[in-house]
Amino acid sequence: MKYDIVIIGAGIVGLATALKLKNKRPELKLLVLDKEEQIAQHQTGHNSGVIHSGLYYKPGSLKATNCINGYNQLLDFCTKEEIRFELCGKIVVATSDEEIPLMNNLHVRGEQNGLTDLKILGKEELKEYEPHVNGVAGIYVPQTGIIDYKQVAERYALRIKEKGGEINLGEKVIDIKTSETGCTVVSNKSSYDTKLVVNCAGLYSDKVAQFTQQKIDVRIIPFRGEYYELNPEKQYLVKNLIYPVPDPNFPFLGVHFTRMINGGIEAGPNAVLAFRREGYSKSKINLKELTESLMWPGFQKVAKKYWKTGMGEMYRSFSKVAFTKALQKLMPDIEEKDLVPGGAGVRAQACDRNGGLIDDFLILENEYAVNVCNAPSPAATSSLSIGETVSELVLKRF
């Protein structure tokens, strides 16, 4: 079976890339492969459903430009497709005077990224937005919203098929054989000749990249984020979205409160090393994958640098009391009994050999493939823009 392009991974980024390619060049023969029986089973289907505004990201970075551009494209797509979303806004809360300079830096960064109508809030003004929050100051970000990304991914898939693209599920890619004319993607069920591979394999993107590119100096380190949900009788405490001021040295946003589009309030996530790449619970362990993470020189350097933060995150994972205490910094009225265990997601975080947790989207190209090797949050918000970026790289070859 011959194809122009084979995309590996039917998460939101792989599907957005396929949709962009079919929109631009409908005549191209395109196939999307995924090892799961349904689309969007991993990062796309396990996230908190937030439409990110672009507040946090370094101006000019791929994250910043793709988030702003992707945000606008996502809202246009969902409006046209009648997919429900809500721009409810969020507040970022400084809980101590020491955090105010970091909060002010965020405000400046948001404005540099083109966000308008950001508001610096004093202690009393915070209460107007979230009456039960604890903080000395904050930022109101009106652009932030909520959505169901699985529903978005399903609509992408529907439009791809309508345009003649193919999506084969339940097919795990086990090898890619290269030749002068292109390559052959080998799955557990079949094989496909193609001119070009696009790797959007998320948690396994580094493994797939190694099929066509022997030396790759990044590894995916899986970090699990665990959530609690608020009991219905305590959901009145949270009106919309409440975030702490993040640690600028750590690529996670800290535990926060999120109202969800389909109802309920999530609290979390923490960020702990997952013991396997798809380790959605503490009991899910793959010794080979865990050993690979622990033995990667870059991770060892990260662990050495952030061991205190990491131990705190791990302690919170095993102690509901500690998790509650972290939430009480933002919301003093929360009690341990108010929290029921929720879901969990695993973030594919690329880490280089020197101990750098890659903070931006990372796309690596070679003769046979375009490899999306780092696409963490805000990848879902940015999906159509990332798809645009990747499709442009692909179409240079045709």
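Please refer to the structure placed before this passage.
Residues numbered from 1 in each chain as written. Predicted model: local features only at pLDDT ≥ 70, side-chain atom pairs only at ≥ 80, totals over all residues. Heavy atoms only, no water.

Novice: Requested: an account of the sheet that holds strand E4 (residues 85-86), with residues and values cited.
Specialist: A sheet is described by the order of its strands in space; here three strands give the open sequence E3-E8-E4, paired in antiparallel fashion. Looking at the sheet topology across the chains shown, the edges are occupied by strand E3 (50-51) and E4. (Pairing = 2+ DSSP bridges. Helix = DSSP H or I, 4+ residues; strand = E, 2+ residues; numbered from the N terminus.)

Novice: If you had to explain the packing of helix H2 (residues 62-81) against helix H10 (residues 383-395) to someone new, which residues and values would you point to?
Specialist: Packing of H2 against H10 brings their axes to within 6 Å, and their N-to-C directions diverge by 115 degrees. In terms of their interaxial angle, H2 and H10 are classed as roughly perpendicular. Of the residues in H10, those touching H2 at Thr65, Asn66, Asn69, Gly70, Gln73, Leu74 and Phe77 are Leu384, Ser385, Ile386, Glu388 and Thr389. Its residues assigned to classes, the contact of H2 with H10 shows four nonpolar, seven polar and one charged. (Axes fitted to C-alpha atoms, helices over the stretch in contact; angles between N-to-C directions. Parallel < 35°, antiparallel > 145°, perpendicular 65-115°, else oblique. Contact = heavy atoms within 4.5 Å. Nonpolar A, V, L, I, M, F, W, Y, C, P; charged D, E, K, R; others polar.)

Novice: Can you explain the pattern of salt bridges? Please cite residues and give values.
Specialist: Per the stated rule, a full pass over the model turns up 27 salt bridges. The partner of glutamate 226 in a salt bridge is lysine 282, with the nearest N and O atoms 3.7 Å apart. Residue glutamate 226 is found in strand E13 (residues 218-230), and its partner lysine 282 is found in the loop between strand E17 (272-273) and helix H7 (287-295); the two are separated by 56 residues along the sequence. We note a salt bridge from glutamate 365 to arginine 397, for which the minimum N-O separation is 3.1 Å. (Salt bridge = Lys/Arg side-chain N within 4 Å of Asp/Glu carboxyl O.)

Novice: Let's hear about unusual backbone geometry: which residues, and what values?
Specialist: Look at the link from glycine 268 to proline 269: it is a cis peptide, with omega at -5 degrees. Although it is not a glycine, glutamate 82 sits at a positive phi angle of roughly 60 degrees. With respect to the helices and strands, glutamate 82 occurs in the loop between H2 and E4. Positive phi, close to 65 degrees, is recorded for aspartate 117, a residue that is not glycine. Examined against the element boundaries, aspartate 117 turns out to sit in the loop between helix H3 (100-112) and strand E6 (119-122).

Novice: Kindly report on the pairing of strand E11 (residues 182-187), identifying the contributing residues and their values.
Specialist: Counting buried positions along E11 gives five out of six residues, so the element sits mostly inside the fold. Relative to E11, strand E10 (residues 173-179) runs antiparallel, the two being bridged by six bridges. In the sheet register, isoleucine 176 faces E11, and the bridge partner there is valine 185. Across four bridges, the pairing between E11 and strand E12 (residues 191-199) is antiparallel. Counterpart to threonine 184 in the pairing with E12 is aspartate 193. (Buried < 20%, exposed > 50% of the residue type's maximum accessible area, 1.4 Å probe, protein only.)

Novice: Break down the packing of aromatic side chains for me, citing the residues and quoting the values.
Specialist: On inspection of all chains with the given rule, the structure shows five aromatic pairs. Between tyrosine 3 and tyrosine 192 the ring centres are 6.0 Å apart and the planes differ by 65 degrees, which places this aromatic pair in the edge-to-face class. Of this pair, tyrosine 3 sits in strand E1 (residues 2-8) while tyrosine 192 is found in strand E12, placing the two residues 189 residues apart along the sequence. Here the aromatic rings of tyrosine 228 and phenylalanine 323 are separated by 4.9 Å at their centres, their planes lie at 70 degrees, and the arrangement is edge-to-face. (Phe/Tyr/Trp six-rings, centres within 6.5 Å; stacked < 30°, edge-to-face > 60°.)

Novice: I'd like to hear about H2, residue by residue, with values.
Specialist: In a regular helix each residue adds 1.5 Å, so 20 residues correspond to 28 Å; H2 covers 27 Å between its end C-alpha atoms and thus fits that length. Considered for burial, the residues of H2 that qualify are Lys63, Ala64, Asn66, Cys67, Gly70, Tyr71, Gln73, Leu74, Leu75, Phe77, Cys78 and Glu81. Just beyond H2, the residue with positive phi is glutamate 82, at close to 60 degrees. (Expected span 1.5 Å × (residues − 1).)

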